[in-house]
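Here is how the chains run, residue by residue.
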Amino acid sequence: MPENKKHIALFIPCYVDQFYPKVAIATLELLEKLGCQVTYPMGQTCCGQPMANAGYERDTVATTKHFIRIFKDFDYVVAPSGSCVLHVKEHAPAIAGMEKEQSELHDKIFELTEFLTDVLKIENIKGSFPHRVGYHASCHGQRGLRLSASSELNQTPFNKAKQLMVNLEGLEWVELKRKDECCGFGGTFAVSEEALSIQMGKDRLADHQAQQVEILTGGDMSCIMHLQGIAKRNGNPIQFKHIAEILNEAIS
Amino acid sequence: MSHPIQAAEFLQDQAKSKWHDETLWFVRDKRDKISKSVPEWENLRDLASQIKDNVLANLGKYLEEFEKNAKANNIHVHWAKDAEEHNRIVLGILQEKRCKAIVKSKSILTEECHLNPYLEKNGVEVVDTDLGERIVQFLNQAPSHIVLPAIHLKKKDISEIFHEKLHTEKGNEDPDYLTHAARIHLREKFLSAKVAITGVNFGVAETGEFVVCTNEGNADMGVHLADVHIACMGIEKIIPKRAHLGVFLRLLARSATGQSVTNYTSHFRSPSPGKEIHIVLVDNGRTAQLARPKFKNSLKCIRCGACMNTCPIYRRSGGFSYESTVPGPIGSILSPGIDLQKHSSLPFASTLCGSCTDVCPVKINIHEQLYEWRQEITKAQPDRAKSLAMKIANGVFAVPFAYNLSGNMMRGALKILPDSITYSGLNTWGKQRDLPELPKESFKDWYKKNRK
Amino acid sequence: MSSRDLILSKIKAVPLEAKNLPTIPEFEFEGDLKARFIASILANKGEVITKAEFFSLLDSGVFEKVYSHIEDFSSFTNIKITEDAHQLNDLNLAIIRGQFGVAENGAIWLEDQDMGLRALPFITEHLVIVLDSENLVANMHQAYDRIGLQESGFGLFIAGPSKTADIEQSLVIGAHGAKSLRVVLLNL
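Keep in mind it's a predicted model, so treat the numbers as computed, not measured.

A separate point is the overall build of chain C. A tally of regular secondary structure across chain C gives six helices and eleven strands. The C-alpha atoms of chain C give 20 Å as radius of gyration, which overshoots the globular expectation for 188 residues (16 Å, by more than 25%). Here the C-alpha coordinates of chain C stretch approximately 65 × 45 × 40 Å along the principal axes. Classification of the 188 residues of chain C by burial places 53% in the buried group. Put simply, chain C shows about 8,200 Å² of open surface, and 48% of that area lies on carbon and sulfur atoms.

When its secondary structure is counted, chain A shows 13 helices and eight strands. Dimensions of chain A, computed from C-alpha atoms along their principal axes, come out at roughly 55 × 45 × 40 Å. Sorting the 252 residues of chain A into buried and exposed places 66% on the buried side. Excluding contacts between residues fewer than 6 apart, the proportion of contacts in chain A whose partners are at least 24 apart in sequence is 78%. For chain A, the accessible area works out to roughly 8,400 Å², and carbon and sulfur atoms hold 50% of it. Positive and negative charge centroids in chain A, built from 26 and 31 side chains respectively, lie 1 Å apart.

Before going further, it helps to examine the interface of chain A and chain B. Taken residue by residue, the interface counts 70 residues in chain A and 77 residues in chain B. Considering only the side of chain A, the residues that lose the most area to chain B are Gln18, Phe19 and Asn154 of chain A, jointly responsible for 12% of the buried surface there. Viewed at the interface, chain B and chain A are joined by nine salt bridges. Across the pair Arg451 of chain B and Glu32 of chain A runs a salt bridge, and its minimum N-O distance is 2.7 Å. Remark: the boundary between chain A and chain B carries 43 residue pairs in polar contact (both at pLDDT 80 or more). Per-element accounting of the side of chain A that touches chain B gives the leading share, nine residues, to helix α11 (residues 194–210) of chain A. For the side of chain A that touches chain B, the class distribution of residues is 32 nonpolar, 21 polar and 17 charged.

Residues and elements named next belong to chain B. The N-to-C vectors of helix α16 (residues 328–338) and helix α18 (residues 366–380) enclose an angle of 40°; their axes lie 9 Å apart at closest approach. Crossing handedness for the pair α16 and α18: left-handed. Contacts from Pro329, Ile330, Ser332, Ile333, Pro336 and Gly337 in α16 reach Ile366, Gln369, Leu370 and Trp373 in α18. The class makeup of the residues in the contact of α16 with α18 is seven nonpolar, three polar and no charged.

We now examine the pairing of strand β9 (residues 264–268) of chain B. Residue and element names in this part refer to chain B. For β9, a buried count of five out of five residues is recorded, marking the element as mostly surrounded by other parts of the structure. Burial along β9 is two-sided: Tyr264, Ser266 and Phe268 facing one way and Thr265 and His267 facing the other are all buried. As paired elements, strand β6 (residues 209–214) and β9 share five bridges and run antiparallel to each other. Opposite Cys213, over in β9, you have Thr265 as the bridge partner.

Another point: the domain arrangement of chain A. As a measure of interface size, the accessible area lost when the parts come together is often cited. All names here are of chain A. Domain assignment breaks chain A into domain 1 (3–119) and domain 2 (132–250). A straight line from the C-alpha centre of domain 1 to that of domain 2 covers 22 Å. Taken together, the contact pairs 28 residues of domain 1 with 22 residues of domain 2. In total, domain 1 and domain 2 occlude about 2,100 Å² of area from one another, counting both sides; carbon and sulfur atoms represent 65% of this.

Let us now look at the environment of Ala48 of chain B. Residue and element names in this part refer to chain B. Mapped onto the fold, Ala48 is located in helix α3 (residues 41–57). Separated by 309 residues in sequence, Ala48 and Thr357 have C-alpha atoms that sit 14 Å apart. Discounting residues that sit within four places of it in the chain, Ala48 has contacts with Val247, Phe248, Leu251, Pro361 and Val362.

What follows covers the sheet that holds strand β8 (residues 239–242) of chain A. Residue and element names in this part refer to chain A. Pairing in this open sheet of four strands is parallel, and the strands run β6-β5-β7-β8 from one edge to the other. Looking at which strands have only one partner, the edges of the open sheet turn out to be β6 (172–174) and β8. Recorded for the sheet is a direction-independent mean angle of 35° between the axes of neighbouring strands. Relative to β8, strand β7 (residues 215–218) is paired through four bridges, and the arrangement is parallel. Its bridge partner lying in β8, Gly218 is registered against His242. Lying on the sheet, α11 is in contact with β5 (132–136), β7 and β8; it crosses β5 at an angle near 150°.

This part takes up the packing of helix α3 (residues 49–56) of chain A against α18 of chain B. Across the interface, α3 of chain A lies against α18 of chain B with an axial gap of 7 Å and an inter-helix angle of 75°. Classified by the angle their axes make, α3 of chain A and α18 of chain B are roughly perpendicular. Two secondary-structure elements touch here, α3 of chain A through Ala52, Asn53, Ala54, Gly55 and Tyr56 of chain A and α18 of chain B through Tyr371, Arg374, Gln375 and Thr378 of chain B. Residues that form the contact of α3 of chain A with α18 of chain B fall into these classes: four nonpolar, four polar and one charged.

In this complex, chain C contributes 65 residues to the contact, which on the side of chain B involves 88 residues. Carbon and sulfur atoms supply 61% of the area that chain C and chain B bury against each other, a total of about 6,600 Å² over both sides. Together, Ile167, Glu168 and His176 of chain C form the three largest contributors to the area buried by chain C at its contact with chain B, with a combined 13%. Applying the counting rule to chain C against chain B returns six salt bridges. A salt bridge links Arg269 of chain B to Glu151 of chain C; the shortest N-O distance between them is 3.9 Å. Joining chain C to chain B, the criterion identifies 37 residue pairs in polar contact (both at pLDDT 80 or more). The leading source of residues in the side of chain C that touches chain B is helix α1 (residues 3–12) of chain C, at eight residues. Of the residues contributing to the side of chain C that touches chain B, the split by class is 31 nonpolar, 22 polar and twelve charged.

Once that is clear, we can look at empty space enclosed by the protein. Evaluation of the coordinates by the stated rule reveals ten cavities of 30 Å³ or more. If you add up the space inside the largest cavity, you get close to 350 Å³. Lining the largest cavity are 31 residues, with Gln49, Ser83, Phe185, Gly187 and Ser222 of chain A positioned closest to its centre. Elements that contribute at least two residues to the lining of the largest cavity include exactly α1 (14–19), α3, α5 (82–91), α8 (139–144) and α12 (221–233) of chain A. Classifying every residue of the lining of the largest cavity gives 19 nonpolar, eleven polar and one charged. Roughly 120 Å³ of internal volume is contained in the second largest cavity. Taken together, 18 residues form the lining of the second largest cavity, with Cys311, Pro329, Ser350, Cys356 and Leu370 of chain B sitting closest to its centre. If you list the elements that add at least two residues to the lining of the second largest cavity, you get α15 (312–317), α16, α17 (355–359) and α18 of chain B. Its residues placed into classes, the lining of the second largest cavity shows eleven nonpolar, seven polar and no charged.

Every buried residue of helix α1 (residues 3–12) of chain B is accounted for by His3, Gln6, Ala7, Phe10 and Leu11 of chain B. End-on, the buried residues of α1 of chain B take up no more than an arc of 135°, which puts them together on one face. The elements touched by buried residues of α1 of chain B are α11 of chain A together with α2 (14–36) and α15 of chain B.

Given two aromatic rings, one states the distance between the centres and the angle between the planes to describe the pair. Scanning the model with the defined rule gives 24 aromatic pairs over all chains in all. These aromatic residues form a ring-pair network of at least three members: Tyr40 of chain A together with Phe443, Trp446 and Tyr447 of chain B. Lys52 of chain B extends its terminal NZ or CZ atom over the ring of Phe248 of chain B, reaching a point 5.5 Å from the ring centre.

The subject of this paragraph is the sheet that holds strand β8 (residues 238–239) of chain B. One open sheet holds the eight strands; their spatial order is β8(B)-β5(B)-β6(B)-β9(B)-β8(C)-β5(C)-β4(C)-β7(C), and the pairing between them is mixed. Two strands close off the open sheet at either side, each with one partner strand: β8 of chain B together with β7 (136–137) of chain C. For β9 of chain B and strand β8 (residues 154–158) of chain C, the ladder comprises five bridges, and the chain directions are antiparallel. Bridged to Tyr264 of chain B within β8 of chain C is Ile158 of chain C. Contacting β5 (202–204), β6, β8 and β9 of chain B, helix α12 (residues 244–257) of chain B crosses the sheet at an angle of about 175° to β5 of chain B.

Conventions used here
Residues numbered from 1 in each chain as written. Chains lettered and ligands numbered in written order. Predicted model: local features only at pLDDT ≥ 70, side-chain atom pairs only at ≥ 80, totals over all residues. Heavy atoms only, no water. Helix = DSSP H or I, 4+ residues; strand = E, 2+ residues; numbered from the N terminus. Rg over C-alpha atoms; globule rule 2.2 N^0.38 Å. Buried < 20%, exposed > 50% of the residue type's maximum accessible area, 1.4 Å probe, protein only. Areas by Shrake-Rupley, 256 points an atom, 1.4 Å probe, with all protein chains shown as cover. Contact = heavy atoms within 4.5 Å. Lys, Arg positive; Asp, Glu negative; His and termini not counted. Charge placed at Lys NZ, Arg CZ, Asp CG, Glu CD. Buried area = accessible area lost by both parts, 1.4 Å probe. Salt bridge = Lys/Arg side-chain N within 4 Å of Asp/Glu carboxyl O. Polar contact = N/O pair within 3.5 Å; in protein donor to acceptor, adjacent residues only side chain to side chain. Nonpolar A, V, L, I, M, F, W, Y, C, P; charged D, E, K, R; others polar. Axes fitted to C-alpha atoms, helices over the stretch in contact; angles between N-to-C directions. Left-handed = near helix turned anticlockwise from the far one by under 90°. Pairing = 2+ DSSP bridges. Domains from an automatic or database assignment. Parallel < 35°, antiparallel > 145°, perpendicular 65-115°, else oblique. 1 Å grid on protein atoms, 1.4 Å probe; cavity = no way out; pocket = protein on both sides within 12 Å on 5 of 7 lines; lining within 4 Å. Points joined across faces, edges and corners; volume = space filled by probe spheres on them. Arc of directions from axis to C-beta. Phe/Tyr/Trp six-rings, centres within 6.5 Å; stacked < 30°, edge-to-face > 60°. Lys NZ or Arg CZ within 6 Å of the ring centre and 35° of its normal.

Shown next as structure tokens:
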């Protein structure tokens, strides 16, 4: 069976569901355009990441159990978020009695861009997106899921998001001065270390602005929500889109 | 004071904090470039990590081997279970030698043990001879970085304190001029000291020798002119064989400052005729850390400081914001093991971005240990939840935290709450950030209408 | 219980799984050893000169007090060396021989016999190390292979002059020790 004929579950992070339904819609439509059979399991809830990163992993056992039950029967689980996927794979507490299901889940859950490049084996997407685009490499996708080469490591350069976007007609890919520096979102860090979080966000925005970025994109709406919140408050005209939105628009 | 308060204060001086960030980024960038000039770089990190794994699994054996060989080489070996005993041992040697003034080269361990104030209280003048350390000592400060002790200071600050202490020209901020003044001042100290103290970068079990790395040559100036050399060494600094130095020395300076090696790498095996070498092996919490399976890897640290230079938090909050001897990411996983209450905000002073783990030359999983410390701290401090709940109550975090109970609860709340509340001081998220615009329906609602 | 025994017993009480020591492979080195060594010394803010250049430098008389620890230049020695290193405080130039150099970083290996007094290469105002260009190894692994288990009481890699960057990261040469390092590379 070709990979795209398998049954794919869409996992939509809670804040995307609530604040950015357009990103979820774009993800769904994009996968459908690529010939995938996608279902959104209605019973899904938050994956538990914000609690776990705040130091309450032990309180996410029920959430994790529920998550496994909801998604265990699908061939793949795909989410427009590196951060939530990393949490499910690495930090969700081990559930006694569900070892097999949990371990299988870790192997079949993918962040959107890695699903496209690694499972669907898409070399590049044909379409048009005539804009100057800056890419924010969210840390959990970057250094957790290894969605692109880390500037810290001595390794052959690669970037899964760039691979998907760079050949779109008219798209100008921007190289940043600090290509994978954290934006300062960091989950509850955003409020527990508010001053630093804001400064880091401002510094990231300044890098994109210095390169005349028109649209800032990335694979995690949490980082983008933070950057966009700072940009809006300061009257910064830069636009924000999730990579799913760009790819979905480009091929329509 | 907790880290967030200190950090906010550091950020008040925008020009200086920006300089601090950019200067340390420059050091990291140098490290990136030089590490990429070594094709086997990642291989070396693996080797270093594996050697350190072996050290931690055989620590007792290597320490005994080291002691035996060092003694055979005429080195006096002392053991200190804690900082207090370490300080007492050092003072004891000084008193026996009737020594009232010492020179000391960089040693984070003696900072950790608060040796300077202890010796001063007991009538011994301590002169830190590393230029950066001498500067902060003049200012009555601790180093703010383990490799770059005075990185929090501008040359204006240094010019002022040198004018006061060394009578340099007022307003002369030229680094060459100031360094030369320090050279003359410290040369006198070197010539008159009978005892010199150094830290230790590596102790070699196989030979009983220890290695000290500097660029200034201050450790050697001190010990070769003095009659007695006291080397203070954490027990985790041991490595099995001399050949392993090849691995660690290729990594250390490149990771620390982006240079291929320090200009001086000194191997002390036995004293010159008529002189003495003492080595103090210090535990001070290290065996306790070794007994914590999730955190024992932190003992692999070779104190290069790369995690500080790369940390987006450290660069923007400065070393003092951590209020611990070793600041930055590695400090944030070491310090809670020493005093959980005092250092409880440190594991949260991170976005878990993972850059520290990727630069670490011995591959310590620093960001994962930060995560694990968070789990420990919330158990030890139930009040933490309350203060966190206050901060997330009105912001975007209410979504995931409330989502389990009712998916729509927060959407409702956001709509009902007037802007005056969502953007008030109560809502930390909204103080300097706009909240996302609330769409008319959630994805769940859209999906029900459009796909079922 | 002594602190020694206490520490060792605490370590023994920790259950630890066995971890084997890795074998250090032979890493290939690409390029010319001499060229790489010279580039490394320059990067460390040292200089590389020929024997002829060094002779003319000596003849120029810029160094007032000179001590050569090696035969070839002993005619330039104009001070008496004692057992007390403190008396070298006003030494302007020390000349010593390095055993071998490391191409990847410019480090030059010295042992007790090569310096006489351990303080010599530090207390002197300027330092010259004479090194045969045949005595170069590629990297630090080869360096320690070559050192083996020699038993000198003191061993030292010198890779450049004394330097610091502790004032706003501005590089300054001549912090405490030698203000310059010149490497006289023989048989180039």
